[in-house]
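In case you want the letters, here they are:
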There are 2 protein chains.
Amino acid sequence: MYDIHHRIGINAPMERVHHALTTTEGLASWWTTDTQGDPTVGGKLVFTFGSPDRSASFEVLEVADDRIVWRGIAGPDEWIDTTCTFQLTQEGDETVLFFTHGDWREAVPFIGHCTTKWGTFLLGLKALLEGGRSCTYPDELVISSWDH
Amino acid sequence: MYDIHHRIGINAPMERVHHALTTTEGLASWWTTDTQGDPTVGGKLVFTFGSPDRSASFEVLEVADDRIVWRGIAGPDEWIDTTCTFQLTQEGDETVLFFTHGDWREAVPFIGHCTTKWGTFLLGLKALLEGGRSCTYPDELVISSWDH
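Remember, predicted model here, so these are calculated numbers, not experimental data.

About the cut-offs
Residues numbered from 1 in each chain as written. Chains lettered and ligands numbered in written order. Predicted model: local features only at pLDDT ≥ 70, side-chain atom pairs only at ≥ 80, totals over all residues. Heavy atoms only, no water. Contact = heavy atoms within 4.5 Å. Buried area = accessible area lost by both parts, 1.4 Å probe. Salt bridge = Lys/Arg side-chain N within 4 Å of Asp/Glu carboxyl O. Pairing = 2+ DSSP bridges. Helix = DSSP H or I, 4+ residues; strand = E, 2+ residues; numbered from the N terminus. 1 Å grid on protein atoms, 1.4 Å probe; cavity = no way out; pocket = protein on both sides within 12 Å on 5 of 7 lines; lining within 4 Å. Points joined across faces, edges and corners; volume = space filled by probe spheres on them. Nonpolar A, V, L, I, M, F, W, Y, C, P; charged D, E, K, R; others polar. pLDDT = per-residue confidence, 0-100.

## Description of the interface of chain B and chain A
- Counting from both sides, the interface comprises 25 residues of chain B and, opposite them, 25 residues of chain A.
- A buried area of about 1,900 Å², summed over both sides, lies between chain B and chain A, and 60% of it is on carbon and sulfur atoms.
- The three residues of chain B that bury the most area against chain A are His5(B), Arg7(B) and Thr116(B), which together make up 29% of that side's buried surface.
- Across the contact surface, chain B and chain A share 0 salt bridges.

And the structure:
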């Protein structure tokens, strides 16, 4: 199995980061504006990027104060049964977000694309919570022709 | 072993991307302005980030038209004997850079930090070659207090 990791320090209270990861309006603020579903445990979240064939669905497995876990249930084939884990810790003045998109079956080129892309979205979340601008779909940062 | 991957499409000829990866001035344009050494096979490259104890050294293992490989020989302990591979392919109108920082011994938090950070530098390289601004140290994007 192969995993993507990102580690970002956010100058905002943990509660605000948690809110951005556990509510549809929070998720819509940094990943895609078209975020729908139920962000509580057992719920299903659907993230759409322009058309129904460009969407990804997750089951919410865990929502704790310092940890949120989802499992991929529809969307890109490569994402089925992968897990997204958002781990939060308070370190000094910042809230550290350690993100893992884990359990990929193969290290295909798409894992590289998703790694880079997750970075742009998560750094957009950091910017947004610190008073700047996010990098949310459809105003995302285009990283290659695969984004079109 | 654990690997970091990034995949970025750059609207520039492969030769220009290759130059940015195989010359000290090219490397200094997107990673750190303090880049020194010999970028040819068997040479040693030293990348410094403000002070001698914040530097990383690599031996250049391979320089082909479509592939550059380095091996970590000094710097952060976690980087020793890791490899950085820059694979270039022409796909349609863009040069695709598939980057791998491979052979990490542990998936420590630092791998997450480095994943995010590599993304900012490589997207800076893309921006620079497309006529925009890079994200080069010391004008890097700060992603957490670990950058200070």
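Having seen it, we continue.
## Digging into the pairing of strand 5 (residues 67-74) of chain A
Residues and elements named next belong to chain A.
- When strand 4 (residues 55-64) meets strand 5, the two strands line up antiparallel, connected through 7 bridges. Bridge assignment links Ser57 to a residue of strand 5, and that residue is Ala74.
- In textbook terms, the turn of a hairpin is the stretch between consecutive antiparallel strands, and for strand 4 and strand 5 this stretch comprises 2 residues.

## Thoughts on the layout of surface pockets
- When its volume is computed, the largest pocket comes out at roughly 590 Å³.
- As for the largest pocket, its lining consists of 31 residues, of which Leu141(A), Thr120(B), Leu123(B), Cys135(B) and Leu141(B) are closest to the centre.
- Contributing elements (two or more residues each) for the lining of the largest pocket: helix 3 (109-129) of chain A together with helix 3 (109-129) of chain B.
- Residues of the lining of the largest pocket, tallied by class, amount to 10 nonpolar, 14 polar and 7 charged.

## Side note on the confidence of the model for chain A
- Chain-level statistics for chain A give a pLDDT mean of 97 and a share of 100% at 70 or above.
- Quick note on the complex model: pTM equals 0.98, ipTM equals 0.97.

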